[in-house]
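Single-letter residue listing:
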Amino acid sequence: MCGIVGYVGKKDGVDILLDGLSSLEYRGYDSAGIMTLNNTRGNNELEGISICKTKGRVDNLAKNAKQMGIVGNVGIGHTRWATHGEPSDVNSHPHLDSTNTIGVVHNGIIENYLDLKDSLLKKGYHFLSQTDTEVIPNLIKDYCNQTGDFVDATIKATAELKGSYALAVVDKDNPDEMIVTKKDSPLVIGEGEGEFFIASDIPALLKHTNKVYILEDNEFAKITPDNIVFFDEAKKRIEKKYKEIDWSAEAAQKGGYEDFMLKEIFEQPTAIRKTIGNRLDKDNLIAELGITPEYIKSIEKIYIVACGTAMNAGLSGRKIIEKLLKIPTEVDIASEFRYREPLITEKTLVITISQSGETADTLAALRLAKKSNAKTLTITNTIGSTISREADFVMYTQAGPEIAVASTKAYNTQLVAMYCLAIAFAKALNLDYNDLDKELESISNKIEIALQKVDNIKDIAKQMYNAHDMFFLGRGNDFPVAQEGSLKLKEISYIHSEAYAAGELKHGPIALIEKDTFVVCIVTDNTLLDKSLSNIQEVKTRGAKVVLITDQKVDKKYYDYLIEVPQCSSIISPMLTVVPAQLLAYYIAKDKELDVDKPRNLAKSVTVE
Ligand code: AGP
């Protein structure tokens, strides 16, 4: 969680820092701050350092920074999702050491900060905040006093840190340089002409450059306006080449839409087409992954492990894998999987799914799988992310940058990636795949048709936005969509909602249905149609108002509101039926006048446990 930025150049970096923080705000938005060195102007009480920190959003910070007139050629910035210490001005980053010399922004958690703080207090350092981060500048300062060298001090200090961190560090005594390093939290560096940009993710850099260095764990970079040097903990030089990123800067803008979430919902057909690409031709996907048919034949069990929406995508993935490949497949929540001693052997394939490629629990699950000698395959959207670097096989989704905290296009590209994978494995094993490849090729057109029904969904949302509770029901292939629809609604509208397998409702939760309770039912599987309709009848009889999302012909008596989608094979229908569920959540949240892109308490990238 938290977003960090940095600028090292010859021009004033304040607008660049503020702009970078705005695009990283999805990672946290409790409080924000910036600090500049070198040719600074602003608050001069710290001599040579200008700092502005504030509780609340980056907009607040920008106003305050402008009022103070802060400038500077070297600077760091931070947007926070509080872990240690409430959101407040004083707990906001950047943090300084007791002598106001070393400044730090940090993304991650320092697990041993209390021990470190204790020993620093004994040495006479003092602390202003309740954060774990404040030990870092003090520790670096302490080593600076011992070694007289900023780089050595940073290396020695980070060697004492337990936990996760991405750090950008500046030193008033070395005002035109910055040191950055990371462990288990992401950090990328963009190269411009006589300037460098630091950020927690690639989209935040795209306005300035597409030449991006991806820092690995325990690597350091010393950056000055004209030079960057990479080295390891032993100060040994590392040769690193930048990657040219082909995402456009526009992809990370709203492009005329009111919110990123709406834009991203509408981008789904394109994102899906791009993710399929030519992967279904011949054995392209198997070749891309570097997997052999012999290896696929040897797989005895598959685990799909992920969190939140990505886990919901995994639930649909399991269905197609078991249907086409007949390999027993379990789906698990990463935070559970990592501690439950799962039965992994070298014949197990562990598939992790993660938009960010940085989710702490998913990463831990992947590492556990590797330690147990299983092969790991990851489906991720983020090139160079930690999970993508550590997995044995990587399949990139092509969603482009997803900025809204609530995942929409990433989810749908994760689904299509799972479907492509299952079909490719089936082809490699000469198994039947029921022409699902052709079905997949046409799914984007069907989603485009579903998106045209947006006005109907807007009208239905107007009837629903005052609700306190809702239910989402589905059977078979429709159940994971019910789970995803319910999660989306909770995340952005703050309406309590539960998803149930439709047949399970009468085993308890039906007690909660009362007159006018909204129940969203997803029905695509005609082999289960009668059973689904009976379940709908059960809730209608108890006064529920039914919103039906379906590709089937259903009698009017079963629903109060109907959202039709084009006919589609049930196994891949989640890609289609989820779209109205996303739109429903979106318009309900809009009717409640909520910030859909940045829902309360959430951060997009959950890099802490
Ligand atoms: C989705 O709307 C959520 N924001 C969340 O559940 C998310 O999918 C989850 O945190 C996993 O993130 P990842 O895909 O980046 O690993």
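From a predicted model like this one, the values you see are computed outputs, not experimental measurements.

Quick notes on helix α15 (residues 436-451)
Every α-helix carries 3.6 residues per turn, so stepping three or four residues along brings you back to the same face. Here α15 is 16 residues long and its end C-alpha atoms lie 22 Å apart, about the 22 Å a rise of 1.5 Å per residue gives. At Ser 442, α15 shows its largest kink, close to 35°. Buried within α15 are the following residues: Leu 436, Asp 437, Leu 440, Ile 443, Ser 444, Lys 446, Ile 447, Ala 450 and Leu 451. Among the structural elements, α6 (260-266), α7 (268-276), α10 (308-325), α14 (409-428), α16 (454-464) and α19 (574-591) are those in contact with the buried residues of α15.

Some thoughts on the packing of aromatic side chains
The description of two aromatic rings rests on the distance between their centres and on the angle between their planes. Summed over all chains, the structure comprises ten aromatic pairs. Both rings, one in Tyr 257 and one in Phe 266, keep their centres 5.9 Å apart while their planes meet at 35°; by these two values the pair is tilted. In this structure an aromatic cluster arises from ring pairing among Tyr 213, Phe 230 and Tyr 242. The ring of Phe 230 carries the charged tip of Lys 240 above its face, separated from the ring centre by 5.9 Å. The ring centre of Tyr 242 lies 4.6 Å from the NZ or CZ of Lys 241, which sits over that ring.

Details of the site of the ligand
Taken together, 13 residues lie around the ligand, and Ser 354, Gln 355, Ser 356, Thr 359 and Glu 491 are the ones closest in. One nitrogen or oxygen atom from the main chain of Ser 407 is found 2.8 Å from an oxygen atom belonging to the ligand. Calculation on the ligand without its partners gives an accessible area of 410 Å², and the protein chains cover 90% of this total. Every element with two or more residues in the shell around the ligand is listed here: α10 and α17 (479-493). Element by element, the count of residues in the shell around the ligand is highest for α10, at three residues. Its residues assigned to classes, the shell around the ligand comprises four nonpolar, seven polar and two charged.

Some points on the domain arrangement of the protein
Along its sequence, the protein is carved into domain 1 (3-251), domain 2 (255-450) and domain 3 (453-593). In this complex, domain 1 contributes 15 residues to the contact, which on the side of domain 2 involves 13 residues. Summing both sides of the interface, domain 1 and domain 2 together bury roughly 1,300 Å²; the carbon and sulfur share of this comes to 60%. Linking domain 1 with domain 2 are three salt bridges, by the criterion used here. As a salt-bridge pair, Arg 367 and Asp 184 come within 3.1 Å of each other at their nearest N and O atoms. At the surface where domain 1 touches domain 2, the tally comes to two residue pairs in polar contact (both at pLDDT 80 or more). Looking at the side of domain 1 that touches domain 2 residue by residue, the class counts come to nine nonpolar, no polar and six charged.

Section: the pattern of salt bridges
One pass over the full model with this rule turns up 41 salt bridges. Taking the shortest distance from any N to any O, the salt bridge between Lys 240 and Glu 219 comes out at 2.8 Å. Here Glu 219 lies in the loop between β11 (211-214) and β12 (220-224) and Lys 240 lies in the loop between β14 (237-238) and β15 (243-244), a separation of 21 residues in the sequence. Given the relative accessible area of 11%, Glu 219 is considered buried. In this structure, Asp 437 and Lys 427 form a salt bridge, with 3.8 Å as the shortest nitrogen-oxygen distance. Residue Asp 437 is found in helix α15, and its partner Lys 427 is found in helix α14; the two are separated by ten residues along the sequence. In this structure Asp 437 comes out as buried when scored by relative accessible area, which is 12%. Three or more residues are tied together by salt bridges with common partners; here these are Lys 182, Lys 183, Asp 184, Asp 217, Arg 367 and Glu 390.

Concerning the sheet that holds β15
Sheets are built from strands paired through backbone hydrogen bonds, the pairs being either parallel or antiparallel. Spatially, the eight strands line up as an open sheet ordered β3-β2-β4-β1-β10-β9-β11-β15, and their pairing is antiparallel. A strand with exactly one partner marks an edge of an open sheet, and here the two such strands are β3 (50-55) and β15. Across six bridges, the pairing between strand β1 (residues 3-8) and strand β4 (residues 74-80) is antiparallel. Bridging across to β4, Ile 4 finds its partner in His 78. Together, β1, β2 (31-37), β4 and β10 (196-199) form the strand contacts of helix α1 (residues 14-24), whose direction differs from that of β1 by roughly 160°. Sheet strands touched by helix α2 (residues 58-68): β2, β3 and β4. Its angle to β3, the strand with the most contacts, is close to 145°.

Parameters at a glance
Residues numbered from 1 in each chain as written. Predicted model: local features only at pLDDT ≥ 70, side-chain atom pairs only at ≥ 80, totals over all residues. Heavy atoms only, no water. Helix = DSSP H or I, 4+ residues; strand = E, 2+ residues; numbered from the N terminus. Expected span 1.5 Å × (residues − 1). Bend = angle between axes of the 7 residues up to and from the residue. Buried < 20%, exposed > 50% of the residue type's maximum accessible area, 1.4 Å probe, protein only. Contact = heavy atoms within 4.5 Å. Phe/Tyr/Trp six-rings, centres within 6.5 Å; stacked < 30°, edge-to-face > 60°. Lys NZ or Arg CZ within 6 Å of the ring centre and 35° of its normal. Near = heavy atom within 4 Å. Polar contact = N/O pair within 3.5 Å; in protein donor to acceptor, adjacent residues only side chain to side chain. Areas by Shrake-Rupley, 256 points an atom, 1.4 Å probe, with all protein chains shown as cover. Nonpolar A, V, L, I, M, F, W, Y, C, P; charged D, E, K, R; others polar. Domains from an automatic or database assignment. Buried area = accessible area lost by both parts, 1.4 Å probe. Salt bridge = Lys/Arg side-chain N within 4 Å of Asp/Glu carboxyl O. Pairing = 2+ DSSP bridges. Axes fitted to C-alpha atoms, helices over the stretch in contact; angles between N-to-C directions.

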